[in-house]
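Here are the chains, one letter per residue:
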Amino acid sequence: MNAIEPVVLFFLLGVIAGLARSDLKIPSAIYEALSIFLLLAIGLKGGVKLAEYPLGSLVVSALAIVAVGALIPLAAFPVLRFLGRMSRADSASIAAHYGSVSVVTFSVGVALLDHKAVSHEGHMIVFLVLLEFPALILGVILARHGEAGKTQWGRLLHEVFFGKSILLLIGGLLVGYIAGADGIKPLDNLFFDLFKGVLAFFLLEMGLVAASRIADLRRYGAFLITFAIVTPILSAIMGIFLAQALGLSQGGAFLLALLYASASYIAAPTAMRIAVPDANPALSIGASLGITFPFNIFLGIPLYWWLSEWIYR
Amino acid sequence: MNAIEPVVLFFLLGVIAGLARSDLKIPSAIYEALSIFLLLAIGLKGGVKLAEYPLGSLVVSALAIVAVGALIPLAAFPVLRFLGRMSRADSASIAAHYGSVSVVTFSVGVALLDHKAVSHEGHMIVFLVLLEFPALILGVILARHGEAGKTQWGRLLHEVFFGKSILLLIGGLLVGYIAGADGIKPLDNLFFDLFKGVLAFFLLEMGLVAASRIADLRRYGAFLITFAIVTPILSAIMGIFLAQALGLSQGGAFLLALLYASASYIAAPTAMRIAVPDANPALSIGASLGITFPFNIFLGIPLYWWLSEWIYR
Amino acid sequence: MNAIEPVVLFFLLGVIAGLARSDLKIPSAIYEALSIFLLLAIGLKGGVKLAEYPLGSLVVSALAIVAVGALIPLAAFPVLRFLGRMSRADSASIAAHYGSVSVVTFSVGVALLDHKAVSHEGHMIVFLVLLEFPALILGVILARHGEAGKTQWGRLLHEVFFGKSILLLIGGLLVGYIAGADGIKPLDNLFFDLFKGVLAFFLLEMGLVAASRIADLRRYGAFLITFAIVTPILSAIMGIFLAQALGLSQGGAFLLALLYASASYIAAPTAMRIAVPDANPALSIGASLGITFPFNIFLGIPLYWWLSEWIYR
Amino acid sequence: MSQMKTLLVIVTEAVLERTIIDEVLALGAKGFTSSEARGLGTHGMRSGNWTVGGNVRIEIIGDEDLCERIVATLHKKYDTDYGLLMFTCPVNLRN
Amino acid sequence: MSQMKTLLVIVTEAVLERTIIDEVLALGAKGFTSSEARGLGTHGMRSGNWTVGGNVRIEIIGDEDLCERIVATLHKKYDTDYGLLMFTCPVNLRN
Amino acid sequence: MSQMKTLLVIVTEAVLERTIIDEVLALGAKGFTSSEARGLGTHGMRSGNWTVGGNVRIEIIGDEDLCERIVATLHKKYDTDYGLLMFTCPVNLRN
Ligand SMILES: Nc1ncnc2c1ncn2[C@@H]1O[C@H](COP(=O)(O)O)[C@@H](O)[C@H]1O
Ligand SMILES: Nc1ncnc2c1ncn2[C@@H]1O[C@H](COP(=O)(O)O)[C@@H](O)[C@H]1O
Ligand SMILES: Nc1ncnc2c1ncn2[C@@H]1O[C@H](COP(=O)(O)O)[C@@H](O)[C@H]1O
Ligand code: NA
Ligand code: NA
Ligand code: NA
């Protein structure tokens, strides 16, 4: 219980309910509303914090974080393609999922820091948003490399920028930035005070979904399972060292580790479905949601925290 | 940012998402729940405030406000019918929409007053409810005038009183009145503290809907667009002068202006669909939701506020 | 208004809207979300309180409460079967509904105690959960008695333990117990502060549903109506005396009376549908939701409170 | 265990759901199945929120005769003023 | 690109959804499409909330044979005790 | 008041809803009715949340000709990579 946030217990409850084939289900309308809430709330929080910093000072860190983040899909692709003998499309799509980030995993990390009363840089949320782009774009390039230019780049970019998850994050960021802490204050009761409770509710649903994915695991074979556990660990280590080099606080280092370690299951699946339709979504979602997400929630978060303590002490 | 409430930024976000054809949508179950919440919360707030006043003192103001409010559809009808050359049914239906009021526009106005720390009479909400009746009833009379009496008055009155929006407003009003501020206190956390956050969420959806209406604008032609902008301005001016004559505060005058200026898009469409089925709902909803609502939110509210300052100084 | 909680007014509003055939309806996704919320919140609250007591001290009370609770279906069955001349399946199913409990009725009772600032034992919620089991199991035994053993006991027990309502109650209980008051604190804003508001919303929907049931009443005949009013009263009296014998506080006695008096309409209908499919669900749900629930809310709660005062003074 | 029946599908405005179902039952239908829908037709887009209103899709299985009566009644009373689509198709009822 | 198949539509209580789908797949169906529904039949109104429970409408496209087997199985196991409606109709599968 | 038409039912991934409807209208359809669905097919379980995505069930009533064109276009553009099921059936349009 020391390094685990109580909200994680809701994830566990969902997993148990799912494995026990309970008839519990969160109506999909509620799930969508909770998603919208979380994305907007995170964006708002980030925007408010961002308004307190000189924007210029972020440029260098941002570039470094995005550049290093791009290494994740670039390294994952050949591993999947040649070690895992997967098709080009599948390798690219999975690589993009792991280059991208999970907003919920990030939120659980922030909740842990709050719980431990450890501070962190407010602009981590900006990096969260930025990290989506190289991952998704590289995914398409890797999938299409060497083919006639049939990629619908326009549609893909549209999907990335105006897909609901990025749109809500960026939208929230802008609203928070423009309105500032004072302007947002009347919304605090909804977006900030209820955040953790909504996160708990959301994790309950994530647990139900993850349980339904666990049954598929054996179909993917040992390679994909190993990949889905080793990739986040290596990415997290890379994140902590980079954070130290950039002079971030320990809280920031932990969150950057978590961003690198987490795999997307909202933005990436939709974008890849459109950009790389010949990839099998069951593989990428199964790995990111069925293995990496629970791994990060239960084991990864304490591990990355412990690593950050060890490197920062 | 001076006269614009931060919640309006959510409306803008919704408009942008809609125009950009983002895949963001608020599930309709959530939209309905938010509507129910807003209507109940406004009713409760009004009921609690009403319990503090002697009811009798409102009768004169109420009568005057309803009588003057009835002038809006009565004046709009000939303009639409003869200047705009619209059918009798369409003219009557649109007139009823503009005589009726928009709860969300009103809420944004209240939020602005809170933001500016300007007080207003608590019973404005009672006027909001009362204003629905003459508008809808006149709409039917205007549509049916000179025809054999085939109007289903019973069904229409049933629709007006027991239609969900009026029912929730009046129901909330009564519950608030009976329970009083003390009795409602345990509900404050939900209905009052979260009000602005929910309003922001709701405006996001309104933006999405308004964007989908904007595409239809050119089909209506210049006449309807002009009508949808001029009518609220004239109605608002009338409201401010009446408020001054009745001795309302500046805050009350601003809100009465907003009530007169706003056009319904919840109660009126449903009631008119049943009472005047041969009217084309695309015209009335397009004008009220695609033009008047955004106009009021972005330009009307600052304008009416400025007018009220000018007249009240 | 003395012994009636303001939230009950929302139930009344729902009943009126339903009887008036208003078009108001709570989308089913919202209804499900509110149910999940209430069950989780009650479980959490119970779990937190439970963590403060030595568990062992509850065993005797729990056994006594469950044993006496089992008398309700055992006594109701012959009355239904022989006095009411109902089929074996229907008698057993209705008996199970009345042996089981209503979480919403219980919540209204807790709200009343809060309102009156009367304390009660925190572990009442544990009894709430425990009382479901004997009722549902006895229902099946009574229905199947004397038949070849074709009962799917495995499926029934699965349904009882992993059916959504029990799962959420027990899940919430465990999460609350493990995390304790401190661990749950970040969730208080959602689960505890909003509880009464959500309960009000929920009662609005219950009123709509109950109204739709009231129309069916005459079909059931005088016997079932009488049964649905007399059973809770007798059960409540039994509850108060037992509570006194076990040394519970007056608040606890009132709540135990309410548990015994209330009839299930979430867990029992689903379990009985699967375990005793040849019973007519319209009868059991009609009686418990159309008669007993409103009776308890409007008359039963003040009556049981008055009885508890009388016996405890 | 197999009877020839007619399936009548009615797509109309959600606001009419209760009205249409009352008509259909009054005309003698023994049951119906309904679900939420969206759509586009001569009365424009019906996207399903409080503002615009959605559609409801009602299925009725019955004798050809009954379906004819329902079609005729609804056609006369609602077709000019409301969004309404009706189509029929022979099916085998299997229970 | 056009094959004659049978469309089987099953309307039943939502609480049975998982059970029925397991049966259908066990009998050899290669897929299904399901959606929420409400309705009225011999088992009364099913309006779809936690209390009363709604219906689910399941469509299966398959050979006549498969549909016959499904109909027979469901009829035997569920028809007396649960709300259940099944009908079939020949369709052209287009992919 | 009774015209022979073809009913085309398309079940596909919800993410494609707008795309498919644009295609269908561009090909000349005068209307459509759509509703949410879940399902299982060769592309796996589609259970309908943000993560996995649900299906949409689109009905189009039109001339045989139109339906043929729609089927051919969608088949060519979307059938290999997306979950897609299409079937047709003759119906009587009743208004
Ligand atoms: N050609 C069509 N194919 C499928 N559904 C249609 C068609 N035309 C109309 N509909 C449906 O019927 C409703 C009412 O049609 P209308 O009265 O033409 O507006 C529409 O909102 C659609 O849901
Ligand atoms: N005549 C009918 N037409 C359309 N749907 C029906 C009909 N009869 C029954 N249903 C549907 O099938 C479900 C179960 O029917 P039943 O077993 O008769 O209660 C009902 O809840 C309805 O949704
Ligand atoms: N045999 C079938 N019967 C009914 N629906 C099906 C069938 N096969 C596929 N579907 C539906 O069509 C969607 C796409 O199918 P597929 O492309 O095979 O994955 C599935 O998700 C189901 O909703
Ligand atoms: Na990552
Ligand atoms: Na107005
Ligand atoms: Na009981």
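Residues numbered from 1 in each chain as written. Chains lettered and ligands numbered in written order. Predicted model: local features only at pLDDT ≥ 70, side-chain atom pairs only at ≥ 80, totals over all residues. Heavy atoms only, no water.

Asks: Teacher, can you tell me more about helix α7 (residues 153-162) of chain C here?
Replies: Side chains that are three or four residues apart share a direction in an α-helix, a result of its 3.6 residues per turn. Residues of α7(C) that are buried include every one of C:Leu156, C:Glu159 and C:Val160, and no others. The buried residues of α7(C) occupy an angular sector of 95° when the element is viewed end-on, so they sit on one face. (Buried < 20%, exposed > 50% of the residue type's maximum accessible area, 1.4 Å probe, protein only. Helix = DSSP H or I, 4+ residues; strand = E, 2+ residues; numbered from the N terminus. Arc of directions from axis to C-beta.)

Asks: Looking at this structure, how should I read the relation of the copies chain A and chain C?
Replies: Note on the chain copies: they are related by a rotation about an axis and a translation along it. In screw terms, the move from chain A to chain C is a rotation of 120° and a rise of 0.0 Å along the axis, fitting with an RMSD of 0.0 Å. Taken together, the rotation angle and the small translation identify this as a three-fold axis. For chain A, the residue whose C-alpha comes nearest the rotation axis is A:Ala29, separated from it by 3.8 Å. (Least-squares fit on C-alpha atoms with pLDDT ≥ 70 in both.)

Asks: In this structure, what is going on with the coordination of the sodium ion (ligand 6)? I would like to understand it.
Replies: Where a metal carries four tetrahedral donors, each ideal angle is 109.5 degrees; where it carries six octahedral donors, the ideal angles are 90 or 180 degrees. Residue and element names in this part refer to chain C. Around the sodium ion (ligand 6), the donor atoms from the protein are Tyr98 (O), Ser100 (O), Leu259 (O), Tyr260 (O) and Ser262 (O), and they sit 2.3 to 3.0 Å away. Sequence spacing of the donor residues for the sodium ion (ligand 6), all on one chain, is Y-x1-S-x158-L-Y-x1-S. Taken as a pair, Tyr98 in helix α4 (residues 88-99) and Tyr260 in helix α12 (residues 250-261) lie far apart in primary sequence, 162 residues in all. A relative accessible area of 2% places Tyr260 in the buried class. (Donors = N, O, S within 2.8 Å, 3.2 Å for Na, K, Ca; no water.)

Asks: Quick question: what am I supposed to make of the pairing of strand β1 (residues 3-13) of chain D here?
Replies: Two faces make up the sheet, and in a regular strand the side chains alternate between them. Residues and elements named next belong to chain D. Burial of β1 is extensive: 9 of the 11 residues sit out of reach of the surface. Direction of pairing for β1 relative to strand β4 (residues 55-62): antiparallel, over a ladder of 8 bridges. In the strand pairing of β4, Ile10 is matched with Ile58. (Pairing = 2+ DSSP bridges.)

Asks: Whenever I open this one, the pattern of salt bridges confuses me. Can you help?
Replies: Side-chain pairing between opposite charges can occur once the charged atoms of the two side chains come close. Evaluated as defined, the whole model comprises 35 salt bridges over all chains. One salt bridge connects E:Arg38 with D:Glu17, and the closest N-O pair in it is separated by 2.9 Å. Taken as a pair, E:Arg38 in strand β2 (residues 32-41) and D:Glu17 in helix α1 (residues 17-26) lie in two separate chains rather than in one. When sorted by exposure, E:Arg38 lands in the same class as D:Glu17, which is buried. The closest approach of N and O atoms between E:Arg46 and E:Glu13, which form a salt bridge, is 3.9 Å. Separated by 33 residues along the polypeptide, E:Arg46 in strand β3 (residues 44-46) and E:Glu13 in strand β1 (residues 3-13) bring together distant segments of the chain. (Salt bridge = Lys/Arg side-chain N within 4 Å of Asp/Glu carboxyl O.)

Asks: Quick question: what am I supposed to make of the coordination of the sodium ion (ligand 5) here?
Replies: Around the sodium ion (ligand 5), the donor atoms from the protein are B:Tyr98 (O), B:Ser100 (O), B:Leu259 (O), B:Tyr260 (O) and B:Ser262 (O), and they sit 2.3 to 3.0 Å away. Within one chain, the residues serving as donors to the sodium ion (ligand 5) are arranged as Y-x1-S-x158-L-Y-x1-S.

Asks: Just to check I follow, could you spell out the interface of chain A and chain C for this structure?
Replies: Quite often, the size of an interface is put as the accessible area lost when its parts meet. If you look at the interface, chain A gives 25 residues, while chain C gives 28 residues. Interface of chain A and chain C: buried area, both sides summed, is about 2200 Å²; carbon and sulfur atoms make up 81% of it. Summed over the three residues of chain A that lose the most area to chain C, namely A:Phe10, A:Asp23 and A:Phe201, the buried surface amounts to 24% of that side. Here chain A and chain C share 0 salt bridges between them. Summed over the shared surface of chain A and chain C, the number is 4 residue pairs in polar contact (both at pLDDT 80 or more). Elements represented by at least two residues in the side of chain A that touches chain C include exactly α1 (7-19), α2 (28-50) and α10 (195-214) of chain A. (Contact = heavy atoms within 4.5 Å. Buried area = accessible area lost by both parts, 1.4 Å probe. Polar contact = N/O pair within 3.5 Å; in protein donor to acceptor, adjacent residues only side chain to side chain.)

Asks: It is not clear to me how the packing of aromatic side chains should be interpreted in this structure. Could you clarify?
Replies: Any aromatic ring pair is given by two values, namely how distant the centres are and how the planes are angled relative to each other. In total, this model carries 36 aromatic pairs over all chains according to the counting rule given. Seen in terms of ring centroids, A:Phe201 and C:Phe191 are 6.4 Å apart; in terms of plane orientation they differ by 15°. Their pairing is stacked. Within this pair, whereas A:Phe201 is found in helix α10, its partner C:Phe191 is found in helix α9 (residues 188-191), the two belonging to separate chains. Neither residue differs from the other here; A:Phe201 and C:Phe191 are each classed as buried. Taken together through their ring pairs, the aromatic side chains of A:Phe10, A:Phe201, C:Phe37 and C:Phe191 make up a single cluster. Directly above the aromatic system of B:Phe195 lies the positively charged group of B:Lys45, at a separation of 4.6 Å from the ring centroid. (Phe/Tyr/Trp six-rings, centres within 6.5 Å; stacked < 30°, edge-to-face > 60°. Lys NZ or Arg CZ within 6 Å of the ring centre and 35° of its normal.)

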